[in-house]
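Fold and contact review
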Amino acid sequence: MSHPHPELGSPPPLGKGVLRIVPLGGLGEIGRNMTVFEYGGRLLIVDCGVLFPEEEQPGVDLILPDFDYIRDRLDDIEAVVLTHGHEDHIGGVPFLLRERADIPIVGSKLTLALITAKLGEHRIKPETVLVEEGERHDFGPFDLEFFAVNHSIPDALAVGIRTPGGSVLHTGDFKMDQLPLDGRLTDLAGFARFGDEGVDLLLSDSTNAEQPGFIVNERNLTEAIDKVFRQSQKRIVVACFASHVHRVQQVIDAAVEHGRKIAFVGRSMVRNMNIARDLGYLSIPGDTVVDVKQLDHLRPDEVLLVCTGSQGEPMAALSRMANRDHQIRIEEGDTILLASSLIPGNENSVNRVINGLTRWGAKVVHKGNALVHVSGHAPAGELMYVLNMVRPRNFMPVHGEWRHMRAHADLARLTGVPSDRIVIAEDGVVVDLHKNRARIVGAVQAGYVYVDGSSVGDVTDAALKDRRVLGEEGFISVVVAVDSGSGKILGEPEIHTRGAGIGADAYDDVIDRIQDALDKAARDGVNDPHQLRQLIRRSAGRWVNETYRRRPMIIPVLVEV
């Protein structure tokens, strides 16, 4: 089995007849999916998504793939293929198109509609290429075939990539629901046919590789959702991903049956549901949807709200309702239905929202206490099915954390893929496919690029560390006046603190300590401003650590007089 190593250097120049695969996101993490394929000096990109920040990344809005690897070769890009319309697969496209606006964007009807609407908010008009399952299209040296896959959003696709250097099947995100709500099955026959041709490398979704068995059918959720509607005497609020059209259709059907009007809440939810309705992916009786402003004229038992915020996002509608920071006020007897699974890392945020909603008297129904969600990703039984059907010469798990990818690699080995042909890579690791053999040949930069407001890439890990220190420990500023001519200290230092939990009555101790250190420095002839600032920082830091066992940020300020 091949493993990435920290000593990996830059990859060699691309050899003749070699297909190069460079993942820039989505390996070792859930999100930020982006893979670059290169053959004959031309590039093909599959997906370009975002990762959402965690608590240790304060102030960050989004995390992008690092485009440095392709930045000097933007004109070599034939196309960007989007497997489906989830943010972790399309959210980075606006930032890529800022670099080159005319890159063709390839995808299915709903995917292109979602990305076009998103790009419109960035004032970018994309060049799009509509494709459907069963079609083949050439983009430079890349001969692409598209396969229908079932996922938690309509119109998802897998893509087969044929090149003179080898063939690759990229499954995208998929599962094998045998009774999908839209009747669109994963194209196993197409996978098998492609496998019969000889697939040199399979890249397959690893998210649920640790989960045994087969997926529960989406239709099984209907009864649980209907039960929520039967038992609720007041308002129902359903929170789910703004792209989960199938789940929204299920709750709409239940609302119609139980005589409730529907209001969509949240900008992305309103936008996506309008798109899905206009394209025919969402069926809603004409008089069912009402504006939020009309809710005051309806009885509570006539209302269904569909909103964003199922992952505990601070600015999403549900979080704001829980914090009493939204026009919709949660009241005693309301029912909240969280119709989505937890993305790893969001557990604490979601629990806070659940507690906040419960505080106001709401009943919260979620995956932990009712069958109200089914994952969109194939568990181990289905992943083995695909491995056996495709019979790849080489295998590379994608889309998952390390534990998921290792579990998927174990499944591949069980199905007969030799260990030395299983490549477990991570973001930035370069894999070359040559003469039916995949090997790790080097690594490129593929770090996090942070989006903070209008700033892209300006926030560094060091800046985030400072933000964490400020947020957790506060800061102490020490202001010292010095004579501009002699460098002599004038007067005693001034102390200011914020968030450090240190009262003004304790300043005398640290002032004396800093003053003693500065006097000693003066006797020793030390008057360099940088050295004095370091001396102040060490003296104050040592005092606060010994006295309070804290490590706030210390900011020394020298004022020349």
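In this report, we go over the structure that sits alongside the text. (Residues numbered from 1 in each chain as written. Predicted model: local features only at pLDDT ≥ 70, side-chain atom pairs only at ≥ 80, totals over all residues. Heavy atoms only, no water.)

1. A short note on the pattern of salt bridges
In total, this model carries 31 salt bridges according to the counting rule given. A salt bridge links Glu133 to Arg184; its shortest N-O distance comes to 3.1 Å. Placement of Glu133 in the loop between strand 7 (127–130) and strand 8 (136–139) and of Arg184 in the loop between strand 11 (166–170) and helix 5 (188–197) is noted, with a sequence separation of 51 residues between them. Accessibility expressed as a relative area gives 34% for Glu133, which makes it partly exposed. For Arg184, a relative accessible area of 12% puts it in the buried group. We note a salt bridge from Glu218 to Lys175, for which the minimum N-O separation is 2.6 Å. Highlighted residues: Glu218 in the loop between strand 12 (201–205) and helix 6 (221–231) and Lys175 in the loop between strand 11 and helix 5, separated in sequence by 43 residues. Bridged by salt links that share partners, the residues Glu38, Arg42, Arg73, Asp76 and Glu78 form one connected network. (Salt bridge = Lys/Arg side-chain N within 4 Å of Asp/Glu carboxyl O. Helix = DSSP H or I, 4+ residues; strand = E, 2+ residues; numbered from the N terminus. Buried < 20%, exposed > 50% of the residue type's maximum accessible area, 1.4 Å probe, protein only.)

2. Focus on the sheet that holds strand 1 (residues 19–25)
Ordered in space as 7-6-5-3-2-1-19-20, the eight strands form an open sheet in which the pairing is mixed. Strand pairing shows two members of the sheet lacking a second neighbour, strand 7 and strand 20 (437–443), which therefore form its edges. Ignoring strand direction, the axes of neighbouring strands in this sheet form an average angle of 25 degrees. One ladder, built from six bridges, connects strand 19 (residues 429–434) with strand 20; its direction is antiparallel. (Pairing = 2+ DSSP bridges. Axes fitted to C-alpha atoms, helices over the stretch in contact; angles between N-to-C directions.)

3. Brief notes about the pairing of strand 2 (residues 34–39)
Where burial is concerned, most of strand 2 is hidden: six out of the six residues are buried. Both faces of strand 2 are covered, namely the face carrying Met34, Val36 and Glu38 and the face carrying Thr35, Phe37 and Tyr39. Pairing of strand 1 with strand 2, which is carried by five bridges, proceeds in the antiparallel orientation. Note that in strand 2 the partner of Gly25 across the bridge is Met34. Alignment of strand 2 against strand 3 (residues 42–46), held across five bridges, turns out to be antiparallel. Along strand 3, the bridge assignment pairs Thr35 with Val46. With antiparallel pairing between neighbouring strands as the criterion, strand 2 and strand 3 make up a hairpin whose turn holds two residues, including Gly40 at a positive phi of roughly 55 degrees.

4. Concerning the nonpolar core
One finds Phe37, Leu144, Ile161 and Phe191 to be the most contacted residues of the largest nonpolar core, which totals 59 residues. With six residues, the top contributor of residues to this core is helix 11 (residues 380–390). Not counting residues up to four positions away in its chain, the partners in contact with Phe191 are Phe147, Val149, Ala158, Leu169, Thr186, Val386, Met389 and Val390. Among the nonpolar cores identified, the runner-up in size contains 37 residues, and Val22, Leu64, Val93 and Ile103 belong to it. (Core = buried A, V, L, I, M, F, W, Y, C linked by side-chain atoms within 4.5 Å. Contact = heavy atoms within 4.5 Å.)

5. Remarks on helix 7 (residues 245–257)
If you check helix 7, its first and last C-alpha atoms are 18 Å apart, about what 13 residues at 1.5 Å a residue would give, namely 18 Å. Counting buried positions along helix 7 gives 10 out of 13 residues, so the element sits mostly inside the fold. Taken as a whole, helix 7 has its buried residues at Val245, His246, Arg247, Val248, Gln249, Gln250, Val251, Ile252, Ala254 and Ala255. Those residues of helix 7 that are buried lie in contact with helix 6, strand 13 (236–239), strand 14 (261–265), helix 8 (267–278), strand 15 (303–307) and strand 16 (335–338). (Expected span 1.5 Å × (residues − 1).)

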